[in-house]
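# Fold and contact review
Each chain, letter by letter, is given below.
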Amino acid sequence: MRTMPAPLPDRRDLIADTAIATVAAAGLRGLTHRAVDTAAGLPAGSTSYYFRTRSALISACYLRLATLTVTDVDRWEARHGVPDPDSAAEALAALLHHWLTTGRDRQLARFELSLEATRRPELRADLETAGRAARARAATLLASLGAPDPEQAADLLVAWTDGLLYDRIAGAPAASRPAPDPAELTLVVRRMLTALLAP
């Protein structure tokens, strides 16, 4: 039986993914249309055709990161399910472990790109749109687990998650401290969920 080849990525997604990888590797100073064209193996001018300005390219990164985060959560829920707080803690710990290891570069780029929006108001709306998507998914999860105020709990869970990721990826001890193992993460996540689900 002949296997069908995997579909090629959408050109916009390819450019956004390459831009995210460029930011992770070289910081925002390294993010140029030419650098993205080269890294993506695209003809010169391709990135500027789809995203005319650097601001448009950065906004594409925000929205792509939000989509990829929701995709990660969808995979996590499909693999683990979230019927109770214990299994939710294990699943969220597995997701965090992924973001701290094989997904580390994407998180690093997300932090760099988020800081850029604090200095450039024209980027703020797309960053907020991306953030709302993450909080909406967290609120749905917490509501299914019985949180008394899912929206407030979602804000706290996202803030806690971002704090943990930042500390382990870019914080002062990040270079000398290994990523926590899934068992350690599960214990910490379980404590956080217990606090969020308390009446």
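The shown structure was predicted, so the numbers you read here are calculated from the model rather than taken from an experiment. (Residues numbered from 1 in each chain as written. Predicted model: local features only at pLDDT ≥ 70, side-chain atom pairs only at ≥ 80, totals over all residues. Heavy atoms only, no water.)

## Regarding the nonpolar core
- One finds Trp-76, Leu-92, Leu-96, Leu-142, Leu-157, Leu-165 and Val-189 to be the most contacted residues of the largest nonpolar core, which totals 32 residues.
- For this core, the secondary-structure elements that each account for two or more residues are helix H4 (54-80), helix H5 (85-100), helix H6 (104-119), helix H7 (121-144), helix H8 (150-169) and helix H9 (182-197).
- A per-element tally of this core places H5 first, with 9 residues.
- Aside from chain neighbours lying at most four places away, what touches Leu-92 is Trp-76, Leu-157 and Val-189.
- Leu-28, Phe-51, Ile-58 and Leu-127 belong to the second-largest nonpolar core, a separate cluster that totals 22 residues. (Core = buried A, V, L, I, M, F, W, Y, C linked by side-chain atoms within 4.5 Å. Buried < 20%, exposed > 50% of the residue type's maximum accessible area, 1.4 Å probe, protein only. Helix = DSSP H or I, 4+ residues; strand = E, 2+ residues; numbered from the N terminus. Contact = heavy atoms within 4.5 Å.)

## Concerning the layout of surface pockets
- Looking at the largest pocket, its volume works out to about 610 Å³.
- As for the largest pocket, its lining consists of 30 residues, and the residues nearest its centre are Thr-69, Arg-110, Ala-134, Val-158 and Asp-162.
- Elements supplying a minimum of two residues to the lining of the largest pocket: H4, H5, H6, H7 and H8.
- If you tally residues by element for the lining of the largest pocket, the top one is H7, at 11 residues.
- Its residues placed into classes, the lining of the largest pocket shows 17 nonpolar, 5 polar and 8 charged. (1 Å grid on protein atoms, 1.4 Å probe; cavity = no way out; pocket = protein on both sides within 12 Å on 5 of 7 lines; lining within 4 Å. Points joined across faces, edges and corners; volume = space filled by probe spheres on them. Nonpolar A, V, L, I, M, F, W, Y, C, P; charged D, E, K, R; others polar.)

## Looking at the packing of aromatic side chains
- Within the structure shown, the criterion is met by 2 aromatic pairs.
- Considering the side-chain rings of Tyr-49 and Tyr-50, the 5.1 Å spacing of their centres and the 85° angle between planes classify their relative orientation as edge-to-face.
- Its relative accessible area of 27% is what places Tyr-50 among the partly exposed residues.
- When the ring of Phe-111 is compared with that of Tyr-166, the centres are 5.2 Å apart and the planes differ by 85°; the resulting orientation is edge-to-face. In this pair, Phe-111 is assigned in helix H6 and Tyr-166 in helix H8, connecting sequence segments 55 residues apart.
- Residue class for Phe-111 comes out buried when judged on its relative accessible area of 11%.
- Here Tyr-166 falls in the partly exposed class, since its relative accessible area comes to 41%.
- It is Arg-12 that lies over the ring of Phe-51; its NZ or CZ is 5.3 Å from the centre.
- Of note, Arg-110 hangs over the ring of Phe-111, and the distance from its end group to the ring centre comes to 4.9 Å. (Phe/Tyr/Trp six-rings, centres within 6.5 Å; stacked < 30°, edge-to-face > 60°. Lys NZ or Arg CZ within 6 Å of the ring centre and 35° of its normal.)

## As for the environment of Ser-176
- In this fold, Ser-176 is placed in the loop between H8 and H9.
- Accessibility expressed as a relative area gives 66% for Ser-176, which makes it exposed.
- Residues Ser-176 and Asp-126 lie 50 residues apart in sequence; the distance between their C-alpha atoms is 34 Å.

## Comments concerning the side chain of Thr-161
- Considering the arrangement of structural elements, one finds Thr-161 in helix H8.
- You can call Thr-161 buried: its relative accessible area is 10%.

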